[in-house]
Amino acid sequence: MQAAISIYKLTKKFPRRGKDIVAVQELDLEVHSGEAFGFIGQNGAGKSTTIKILTGSIRASSGTAMLFGTATTEAKARLNVGYVPENPYLLDYLTPLETLEMGCKLHNQSGQGLKKKCMGWLERFGIAHVAHARIRSFSKGMTQRTALAHALAVNPRLLILDEPLSGLDPIGRKDVVDILMEYRKQGGTIFFSSHVLYDVERLADRFGLIHKGELKTVQSPHELLGDEQRFVVRTIGEQLVEGLEQDVGNRWFTEVGQVELWALLHKLEAAHHQVIEVKPSLNLESAFMKYVKADPISSATEG
Ligand SMILES: Nc1ncnc2c1ncn2[C@@H]1O[C@H](COP(=O)(O)OP(=O)(O)OP(=O)(O)O)[C@@H](O)[C@H]1O
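Residues numbered from 1 in each chain as written. Predicted model: local features only at pLDDT ≥ 70, side-chain atom pairs only at ≥ 80, totals over all residues.

Brief notes about the overall build of the protein chain
The condition that has to hold: Secondary structure counts use DSSP, requiring at least four H or I residues in a row for a helix and at least two E residues in a row for a strand, with both numbered from the N terminus. Partly exposed residues are those whose C-beta has more than 12 but fewer than 20 other C-beta atoms within 10 Å; 20 or more makes a residue buried and 12 or fewer makes it exposed, with C-beta atoms placed from the backbone. Two residues qualify as being in contact provided that their C-beta atoms, derived from the backbone, are within 7 Å of each other.
Within the protein chain, the regular secondary structure consists of eight helices and 15 strands. In terms of overall dimensions, the protein chain has C-alpha extents of about 65 × 50 × 40 Å along its principal axes. Scored against the burial criterion, the 303 residues of the protein chain give a buried share of 35%. Sequence separation of at least 24 residues holds for 70% of the intrachain contacts in the protein chain that already meet a minimum separation of 6.

If you want it as structure tokens, here you go:
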């Protein structure tokens, strides 16, 4: 099957007096058609620069990037590619409905059902009630929802999303993750960046970690977490159970590894404890820290 994204020895340098800033360095990556790929890294790691090259907003200094076999420097590579940049710049004198209709037309989609289809996407993103309002009056979250609805309305064969959940409240983030998972289940391909892993952990089939412009590792969530997955268990009960720590009153908690979890749950059942939460405590964020010594202020390398 043809790769949705093929990147080979991609390098981007930004000229600066003295030493150039190397935002992306010799990056090799292939994203398969039908997969959801999370591109993660700290602030300034090189995620947006890579995405801007993929979407043709900027040119690479060297190396190649292709979408479905077409170089990203060619306009036709972007046909039926839905893109939401980190800070979407929508024409603020248009309405969401006009924005979606215009986007579809740019991707050669028109016809009788267009308005209905666009309204359907605005409904899905919870902004149908402002379909005819000017975007200029919108909050960041509503603008983000409009941009995401626009990206999905074009019947994308690939979605490229730079920090897709930024600016959204927790309910909005969940809504968007659900919509993206649905798109993915229907065979869509997603390439998204994030520096906050919590919300997107369940979305990706594979994650690539970029740090200071270099791709450090590409792994599935399962590979990353391995056997080290741990769980926080919270209960309510009257009886003392070995291994549990008292929280407040008759509330208890503990942290156990995956292999001990079942035994603990059986013990809790026998002691008539009500389990109120079982939550993974080692998330991808901490797993990735093994690959990257977290810098309080990260920056690109200098070349
Ligand atoms: N136009 C530019 N001119 C000069 N330097 C730039 C430019 N764009 C990006 N950089 C630098 O390149 C490096 C990578 O930036 P990039 O925006 O790609 O990071 P990022 O991983 O997307 O970070 P964030 O999560 O903060 O968006 C940073 O050091 C940044 O300052």
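Don't stop here, the text continues.
Quick look at the site of the ligand
Counted only if it meets this: Placing the C-beta atom from the backbone, one calls a residue near a molecule or strand if that atom lies within 6 Å of it. Charged residues are taken to be Asp, Glu, Lys and Arg, nonpolar residues to be Ala, Val, Leu, Ile, Met, Phe, Trp, Tyr, Cys and Pro, and polar residues to be all remaining types, Gly included.
In the vicinity of the ligand there are 15 residues, among which Phe14, Ala23, Asn43, Ser48 and Thr49 approach most closely. At three residues, helix H1 (residues 47-54) tops the list of elements feeding residues into the shell around the ligand. Residues that form the shell around the ligand fall into these classes: five nonpolar, eight polar and two charged.

Considerations on the nonpolar core
As a reminder of what qualifies: In plain words, the nonpolar core is the set of buried Ala, Val, Leu, Ile, Met, Phe, Trp, Tyr and Cys residues that C-beta atoms within 7 Å link up. Boundaries between domains were set according to an automatic or database domain assignment.
Ala149, Ile160 and Phe191 are the most contacted members of the largest nonpolar core, which has 59 residues in total. At seven residues, the largest contribution of residues to this core is made by helix H4 (residues 140-153). Formed jointly, this core draws a minimum of three residues from each of two domains, domain 1 (3-80 + 157-221 + 289-302) and domain 2 (92-148). Other than its neighbours up to four places away in sequence, isoleucine 160 contacts Ile51, Leu54, Thr55, Val81, Tyr83 and Phe191.

Section: the domain arrangement of the protein chain
When its domains are assigned, the protein chain resolves into domain 1 (3-80 + 157-221 + 289-302), domain 2 (92-148) and domain 3 (230-281). Facing eleven residues of domain 1, the contacting portion of domain 2 comprises eight residues. In terms of residue class, the side of domain 1 that touches domain 2 is built from five nonpolar, four polar and two charged.

Digging into the sheet that holds strand S14 (residues 274-280)
Rules: Two strands pair under a simple rule: DSSP has to find at least two bridges between them. Between N-to-C directions, angles cover 0 to 180 degrees, with each direction set by a line fitted to C-alpha atoms, over the stretch in contact for helices.
Here four strands make up an open sheet; going across it, the order is S12-S13-S11-S14 and the pairing antiparallel. Two strands close off the open sheet at either side, each with one partner strand: strand S12 (245-246) and S14. Across the sheet, helix H7 (residues 258-270) lies against strand S11 (230-236), strand S13 (251-257) and S14, angled at about 150° from S13, the strand it touches most.

Observations concerning unusual backbone geometry
Of note, asparagine 108 is a non-glycine position whose phi angle comes to about 60°, a positive value. With respect to the helices and strands, asparagine 108 occurs in the loop between helix H2 (96-106) and helix H3 (114-124). Within the chain, glutamate 163 stands out as a residue other than glycine whose phi angle is a positive 50°.

So, the packing of H2 against H3
Between two packed helices, the angle of one axis relative to the other and the distance separating the axes together describe the packing. In plain terms, the rule: Any angle that is under 35 degrees is reported as roughly parallel, and any over 145 degrees as roughly antiparallel; angles of 65 to 115 degrees are reported as roughly perpendicular and all others as oblique. Handedness of each helix crossing follows the sense of rotation of the near helix against the far helix: counterclockwise by less than a right angle gives left-handed, clockwise gives right-handed.
Look at H2 against H3: their axes get within 9 Å of each other, and the N-to-C directions meet at 120°. By the angle between their directions, the pair H2 and H3 is classed as oblique. Seen from above, H2 lies across H3 with right-handed handedness. Here Pro96, Leu97, Leu100, Glu101 and Cys104 of H2 lie close against H3, whose contacting residues are Leu114, Lys115, Cys118, Met119, Trp121 and Leu122. For the contact of H2 with H3, the residue count by class is nine nonpolar, no polar and two charged.

Considerations on H2
Where H2 is concerned, the buried positions are Pro96, Leu97, Thr99, Leu100, Glu101, Gly103 and Cys104. For H2, the elements touching its buried residues are H3 and H4. Just beyond H2, the residue with positive phi is asparagine 108, at close to 60°.

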